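What follows is the residue order along each chain.
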Amino acid sequence: METQSISAQHAAQGTASRFPKERVRALALLLALLSAVVLFVWNSSPRSAQTRSENESSAVSIRYLGPSERSDDSERESILSRVQTQGLPSSRGLSPSTPFWMLLSDVSSSTDQDRIIEVKLLRARSVTAYAVIQAPGGRALLQPLKAENAKGGLTVRIPRGTQQPIAVIARIDPLWTSAPKARLWNATAFDRSVDVFDRAGGAFFGAFLIIAAFSAIIAVRNRDLTFLFFSIWLVTTLRLVAINGGWDPVWLNLPISGEAASVILRTSLALHALVTALLFRSLFSESLPQRWDTKALSLIVYVLAAISAASIFTEHEATLQMIWTAGGLGLILLLKLLWRLIGTTPTNVVKAYAFSWICLIFGMLGDISYAAGFIDLPVSASSIGACLSAFVMATAMAEKIRAERDDRIRAQANEVDALQRFRTNYTTVPIGLCTLAPDGRVIDFNPAFESLVEQENNLLYSSHCTWDMLFGGGSFSSIWKGLEKSKQIEIEIAADIRGKKRWFKMRAVLKAEKVEGSVEDITQRKEADFQLRFLAHHDPLTSLLNRRGFDTRFERAMSQVAQGESALLAYVDLDRFKLVNDLFGHVAGDNVLRQVADRLKARVQEPHSIARVGGDEFLILFVGMQPLDAKALCEEILDDIRTSPYQFQDKAFSVDASLGLTPLERNMSERDAISTCDRACSEAKRLGGAHVVLLNDKSEQVKQHLDEIRLIAEIRNSLPEDRLFTVFQPIVSLREPASSLCYEVLLRMRDDDGKTIPPGRFIAAAERNGLMTRIDRFVLTNTLEWLDRHPEHREHLSFTTLNISGASLNDERFIEDVRAIVREHPQSAPKLCFEITESVALYDLNGTRRFVDMIKAFGAMIALDDFGAGYTSFSYLKELRGDIVKIDGGFIRDINSNPANYAITRAIIDVSHE
């Protein structure tokens, strides 16, 4: 923890120590610029000498005489004759790229020094100059003169002692030219101007090269392409300024002339355009608002790069045309993007870059004005503009350094702040954090991790403390193997911490050959998870299996049965256990159930299973036992349950149980197996309880039960096959048997052979298996449809009764179906009479009233069935508006011989009429 704080302090000190370096770098760049400017100004400063030199020179007129095809004497004489006979021609622009003749007039002056004619902005591969001298007799003579390139132009020297010439003619083979101007100097003044010119060029070269070298150093040290492009841009700008200003014949003390000068010219132009685009993209590519701007700029860069590579080998004129075309398009694009940047992100870098372009453009305009004759400058205007542009561009680069430095300062400050926050979080977070070496040694940890492991003797602070010492041997190897496969893993670890089993979750990441991990104590969650899993499959009261857990064991047992192994299922039901709850409360009942479960678990061991599936009902699954052995064990279980009393507080309880046992057969469903055992348990209860009944394939009860199962399956499939049908049982008045037509609709069923199955068999089975709703719906629909198909019969019918089961009457969906079915048969509905038993009606009296009201709304009747068999018959008669009362058969069957039944029947009839 001390180490991390010291690291944060060192990071802050490193940040502070880098700030002066950034300032020193920017200050050094500005000092280099100032030195270059001072050097340039100092070397260009003799303005008085330059002014005297200009005052000591005079203008010379230039005339263009026409192209030159030869350089022999005949052509020279022709030119001379033309000058004599026609006079001086008018001035014309000078632009040919082929050899031509030029006439320089106004060259006479009285001096005892050599005279020099300076033709600016004209450079030649070869020059032949002659002085035109007026000879006696009016004849003109030609005297050869010395001509050479100087000060970026052409000079013709007229030696002293030469007769006063009237003009000078010269044959020029130009290297390049652009609207030259000429002046006549004396030698002394010209030499002074050459000195000033050379000093100015040296200062200019020095200024640019200093800045370029310094930018290159910055680029190399910082691996910054922007400064590299800026350095190359300065060099190419220097080349162009040298060409425009006339300083290019000698470059770094190396003479340049002829074809090399042409190659360097076009290559410098192409590279300057390319580097200008690259510098712009490097400075502002991230600030360009639209994607197509970046793509267009990249396209220009690729085109200019191709032209630059080809400029060495292609022809001069063609290369210049390509350069000016691509460079012009690139210039338009850059100016457009620069204008957009000024509007969207007007940073200091953008402003300085824009101002550098303004300086360049004004320099170009100055050169154009000079060439057009509007101004007269001692130094090339583009040179001054380029110098200012370079200075401003360097200022932009310095501003870029400052902006980057500020960004780094902010980033470093944020890093230090983040490191401090991380350290604070590292020490205060409640989750254990640690750093481990590849060999498992603990390198670093936070207080939460220390509290998790609870080690004595400061083991964590020793240099040899390893992960396996804290969490057990072998656990780190599994972590390392997982990290070798995946750089990030999550693993759960069980460890013995001070004699107590604990669970931990570790999330580990491999960074720089170190394991960074977070450790969380999940013991409580793991125990809760174990508890939830236990409760998902076990009964919370007795800790026995619940129905879900039993399902899994049953499926496993059935797979063993399929392989030929024996298995049996037992159903245990405590006899009259409800009395314990009613008399002594559920707390006592729960205690007795736990004691019963303990006795069952003591007798039944693995691989057998016990499950509690009801309040006092248990299932026992015997695997690998024969039926007789299982029955003997079940009898022992019953003895254990009933022999010893159950103690609760100061009370003792005796509990009996009945047990049904049945073997499991192949393809036997769990539902059928439990149902069979339930039937066997019911048989045991019928025998008086405390019995074990084993049902096998030879038992009559099993046969009946299997028949019932088959019937249920047939009922489920019989409705669409029309195996159910209805019959009519007449209802006859004892006084007037022929007075009306009434009957009750009864349901019957056919088996596979077409024989009729007694209703007592399939009705009871349907009630136990929840199929009565389907049956009642079938009977109602079938009856109404039959009545609609027989309208003559319906006209003579008084009413027909239908029985409604309790399951149907308490089913809201069935009630809605009855409403829909009756509504579809409005003429037959008034002929119906629905029979409702007392026990069913009183289960939900309000729901029964709603059903009765609905039926009566359609004109149907209600019959109160089995009246007198319940406990509240007269209240039942009072609450429901029945149309017919059907007295229970127990009162009618012996009414003539039993006076009590007669009296009860008489009372029911009287009350019903009232």
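Located above this text is the structure these notes cover.
Because the structure is a prediction, the values reported are computed rather than measured.

### Looking at the overall build of the chain
Move 1: Looking only at helices and strands, the chain has 30 helices and 29 strands in total.
Move 2: Put simply, the chain has 914 residues, and 46% of those count as buried.
Move 3: For the chain, the proportion of contacts with a sequence separation of at least 24, taken over those separated by at least 6, is 68%.
Move 4: As displayed, the chain offers around 47,100 Å² of accessible surface, 55% of which is attributable to carbon and sulfur atoms.

### Side note on the sheet that holds strand β22 (residues 692-694)
Paired through backbone hydrogen bonds, the strands of a sheet run either parallel or antiparallel to each other.
Move 1: Overall, mixed pairing links the five strands, which are arranged β17-β18-β16-β21-β22 in an open sheet. Each having just a single partner strand, β17 (609-612) and β22 make up the two edges of the open sheet. Adjacent strand axes in the sheet meet at a mean angle of 15° when their direction is disregarded.
Move 2: Sheet topology places strand β16 (residues 567-575) next to strand β18 (residues 617-623); seven bridges connect them, and they run antiparallel. Among the inter-strand pairings, Ala567 is bridged to a residue of β18, identified as Val623.

### A word on the nonpolar core
Move 1: Phe230 and Phe280 are the most contacted members of the largest nonpolar core, which has 60 residues in total.
Move 2: Every element with two or more residues in this core is listed here: α4 (187-222), α5 (225-245), α6 (258-284), α7 (291-310), α8 (316-344), α9 (348-372) and α10 (381-428).
Move 3: A total of 12 residues in this core trace back to one element, the largest contributor, which is α6.
Move 4: If near-sequence neighbours (up to four positions away) are discounted, Phe230 is found in contact with Ile211, Ser215, Leu279, Ala390, Met393, Ala394 and Met397.
Move 5: Ranked by size, the runner-up nonpolar core spans 36 residues in total, among them Val745, Ile757, Leu780 and Leu809.

### Describing unusual backbone geometry
Negative phi is the rule for most residues except glycine; trans is the rule for most peptide bonds.
Move 1: Of the consecutive residues Glu606 and Pro607, the connecting peptide bond is found in the cis state with omega at 10°.
Move 2: Structurally, Pro607 can be placed in the loop between α17 (586-603) and β17.
Move 3: The residue Ser543 is not glycine, and still its phi comes out positive at about 65°.
Move 4: Looking at Ser543, the relative accessible area reads 35%, which means it is partly exposed.
Move 5: Despite not being glycine, Asn667 shows a phi value in the positive range, around 65°.
Move 6: For Asn667, the location among the structural elements is in the loop between β21 (656-663) and α19 (670-686).
Move 7: Under the relative-accessibility criterion, Asn667 is labelled exposed at 81%.

### Some thoughts on the pattern of salt bridges
Move 1: All chains considered together, the criterion is met by 26 salt bridges.
Move 2: Among the ionic pairs, Asp788 bridges to Arg794, the shortest N-O distance being 3.0 Å.
Move 3: Asp788 gets classed as partly exposed once you look at its relative accessible area, which sits at 31%.
Move 4: Arg794 gets classed as buried once you look at its relative accessible area, which sits at 6%.
Move 5: The partner of Lys856 in a salt bridge is Asp883, with the nearest N and O atoms 2.7 Å apart. Here Lys856 is found in helix α27 (residues 845-857), whereas its partner Asp883 is found in the loop between α28 (873-879) and β29 (884-887), with 27 residues between them in sequence.
Move 6: The exposure class of Lys856 is partly exposed, given its relative accessible area of 22%.

### Things to note about a nonpolar patch on the surface
Move 1: Taken together, the side chains of Leu331, Leu335, Phe355, Ile358, Ile361, Phe362 and Leu365 make up a nonpolar region of the molecular surface, amounting to roughly 610 Å² of accessible area.
Move 2: No other element matches α9, which puts five residues into the nonpolar patch.
Move 3: Along the chain, Leu335 falls in helix α8.
Move 4: A relative accessible area of 33% places Leu335 in the partly exposed class.

### Looking at the sheet that holds strand β15 (residues 514-521)
Move 1: Taken together, five strands build an open sheet; the order of strands is β12-β11-β15-β14-β13 and the sheet is antiparallel. Lying at the two open borders of the sheet, with one neighbouring strand each, are β12 (442-445) and β13 (488-497). Strand-to-strand twist in this sheet, taken as the mean axis angle between neighbours without regard to direction, amounts to 30°.
Move 2: Sheet topology places strand β11 (residues 432-436) next to β12; three bridges connect them, and they run antiparallel. Bridged to Leu436 within β12 is Val442.
Move 3: On the sheet, helix α13 (residues 475-485) packs against β11, β13, β14 (500-511) and β15 and is oriented at approximately 175° with respect to β13.
Move 4: Sitting on the sheet, helix α14 (residues 523-537) is in contact with β13, β14 and β15, with an inclination near 115° to β14.

### Let's talk about the state of the cysteines
Move 1: A complete count under the given rule lists zero disulfides for this structure.
Move 2: You can see Cys677 has no disulfide; the closest cysteine sulfur is in Cys681, sitting 9.0 Å from it.

### Side note on the packing of aromatic side chains
Move 1: Taken as a whole and assessed by the stated rule, the structure comprises 13 aromatic pairs.
Move 2: Ring centres of Trp503 and Phe530 lie 6.2 Å apart, and the angle between their planes is 75°; on these two criteria the pair is classed as edge-to-face. Separated by 27 residues along the polypeptide, Trp503 in strand β14 and Phe530 in helix α14 bring together distant segments of the chain.
Move 3: The exposure class of Trp503 is buried, given its relative accessible area of 18%.
Move 4: Through pairs of rings, three or more aromatic residues link up here, namely Phe445, Phe449, Trp467, Phe471 and Phe504.
Move 5: The ring centre of Trp503 lies 4.9 Å from the NZ or CZ of Lys526, which sits over that ring.
Move 6: Above the ring of Tyr646, the side-chain terminus of Arg599 is found at 3.8 Å from the ring centroid.

### A short note on the packing of α17 against helix α18 (residues 627-643)
Move 1: Axis separation between α17 and α18 bottoms out at 10 Å; the angle between their running directions is 145°. Judged by the sense of rotation from one axis to the other, the crossing of α17 with α18 is right-handed. Within the contact between the two elements, α17 uses Arg599, Leu600 and Arg603 and α18 uses Leu633, Glu636, Ile637, Asp640 and Ile641.

### Section: the pairing of β14
Move 1: Across 10 bridges, the pairing between β13 and β14 is antiparallel. From the neighbouring strand, Ala494 faces β14, where its bridge partner is Trp503.
Move 2: Adjacent in sequence and paired antiparallel, β13 and β14 are bridged by two residues, among which Arg498 carries a positive phi angle near 55°.
Move 3: Across eight bridges, β14 lies against β15 in antiparallel orientation. Among the inter-strand pairings, Lys505 is bridged to a residue of β15, identified as Glu520.

### Some points on helix α22 (residues 772-789)
Move 1: Between the first and last C-alpha of α22 there are 26 Å, a value that for 18 residues agrees with the 26 Å anticipated at 1.5 Å per step.
Move 2: By the burial criterion, the buried members of α22 are Met772, Thr773, Ile775, Asp776, Phe778, Val779, Leu780, Thr783, Leu784 and Leu787.

### Some points on the pairing of strand β3 (residues 115-119)
Move 1: Within β3, five of the five residues are buried, leaving the element largely enclosed by the surrounding structure.
Move 2: Burial along β3 is two-sided: the residues Arg115, Ile117 and Val119 and Ile116 and Glu118 are all buried.
Move 3: Note: β3 against strand β6 (residues 153-158), five bridges, orientation antiparallel. Each bridged residue has a counterpart across the sheet, and for Ile116 the counterpart in β6 is Arg157.
Move 4: Of the pairings in the sheet, the one linking β3 to strand β8 (residues 182-186) comprises five bridges and is antiparallel in character. The partner of Ile117 across the bridge, within β8, is Leu184.

The rules behind the values
- Residues numbered from 1 in each chain as written.
- Predicted model: local features only at pLDDT ≥ 70, side-chain atom pairs only at ≥ 80, totals over all residues.
- Heavy atoms only, no water.
- Helix = DSSP H or I, 4+ residues; strand = E, 2+ residues; numbered from the N terminus.
- Buried < 20%, exposed > 50% of the residue type's maximum accessible area, 1.4 Å probe, protein only.
- Contact = heavy atoms within 4.5 Å.
- Areas by Shrake-Rupley, 256 points an atom, 1.4 Å probe, with all protein chains shown as cover.
- Pairing = 2+ DSSP bridges.
- Axes fitted to C-alpha atoms, helices over the stretch in contact; angles between N-to-C directions.
- Core = buried A, V, L, I, M, F, W, Y, C linked by side-chain atoms within 4.5 Å.
- Salt bridge = Lys/Arg side-chain N within 4 Å of Asp/Glu carboxyl O.
- Patch = residues over 30% accessible without salt bridge, like charges linked within 9 Å, V, L, I, M, F, W, Y side chains within 5 Å.
- Disulfide = S-S within 2.5 Å.
- Phe/Tyr/Trp six-rings, centres within 6.5 Å; stacked < 30°, edge-to-face > 60°.
- Lys NZ or Arg CZ within 6 Å of the ring centre and 35° of its normal.
- Left-handed = near helix turned anticlockwise from the far one by under 90°.
- Expected span 1.5 Å × (residues − 1).

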